[in-house]
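Tertiary structure, described
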Amino acid sequence: MRRTSRKGGFLLCLLINMLLNLDGLIPAILLLICHFAFGLPLWLTFVAIGLWLAGMIIYMLIFGWYYSQDSDLPQKSKQVNNPYAKKGTIIKNGVTVQKPDNDDK
């Protein structure tokens, strides 16, 4: 499956996001109905669609930037409690690491 991210698939993510958030078009649909019923200008409908699209793009850019930032919090290393693991095994940043042996043989 293709991995979507801002670098390679921003437009694909935007299209999927547009499909999932069609409720944002309700004001545009109401303005379109008012255009045919009461004669409101049609450009109001396009402004509502543009605001919906611009809001979605800004939302995706902000959250994409936020999730791309590295955490400043230090990662704790924890001792492995697996009885079958070698002694001195620790987990650091999600990776299992062996402590160096202090044997001078």
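Everything below is about the structure shown above.
Described in the following lines is the structure provided in the data block. (Residues numbered from 1 in each chain as written. Predicted model: local features only at pLDDT ≥ 70, side-chain atom pairs only at ≥ 80, totals over all residues. Heavy atoms only, no water.)

Take the overall build of the protein next. In terms of helices and strands, the protein carries 3 helices and 3 strands. N-terminal to C-terminal, the α/β element order of the protein is α-α-α-β-β-β. Across the 105 residues that make up the protein, the buried fraction comes to 12%. A fraction of 30% describes how many contacts in the protein between residues 6 or more apart in sequence connect residues 24 or more apart. Accessible surface, the protein: about 9,400 Å² in total, of which carbon and sulfur atoms supply 64%. (Helix = DSSP H or I, 4+ residues; strand = E, 2+ residues; numbered from the N terminus. Buried < 20%, exposed > 50% of the residue type's maximum accessible area, 1.4 Å probe, protein only. Contact = heavy atoms within 4.5 Å. Areas by Shrake-Rupley, 256 points an atom, 1.4 Å probe, with all protein chains shown as cover.)

For Asn17, the location among the structural elements is in helix H1 (residues 6–20). In this structure, Asn17 is in contact with Met56, Tyr59 and Met60, ignoring residues within four places of it in sequence.

With that settled, the discussion passes to the packing of aromatic side chains. Going through the model one piece at a time under the given rule, you end up with 1 aromatic pair. Plain terms: the ring middles of Tyr59 and Phe63 are 4.7 Å apart, the flat faces sit at 50° to each other, and that makes the pair tilted. Placement of both Tyr59 and Phe63 in helix H3 (residues 43–68) is noted, with a separation of 4 residues, approximately one turn of the helix. A residue is classified by how much of its surface remains accessible, and Tyr59, at 48% relative accessible area, is partly exposed. (Phe/Tyr/Trp six-rings, centres within 6.5 Å; stacked < 30°, edge-to-face > 60°.)

A separate point is the nonpolar core. Core analysis: the biggest nonpolar cluster contains 5 residues, these being Leu25, Ala28, Ala48, Trp52 and Met56. For this core, the leading source of residues is H3, giving 3 residues. When near neighbours in sequence (up to four residues on either side) are disregarded, Ala48 contacts Ala28 and Leu31. (Core = buried A, V, L, I, M, F, W, Y, C linked by side-chain atoms within 4.5 Å.)

Read these as layout, nothing more, since geometry by itself doesn't imply function.
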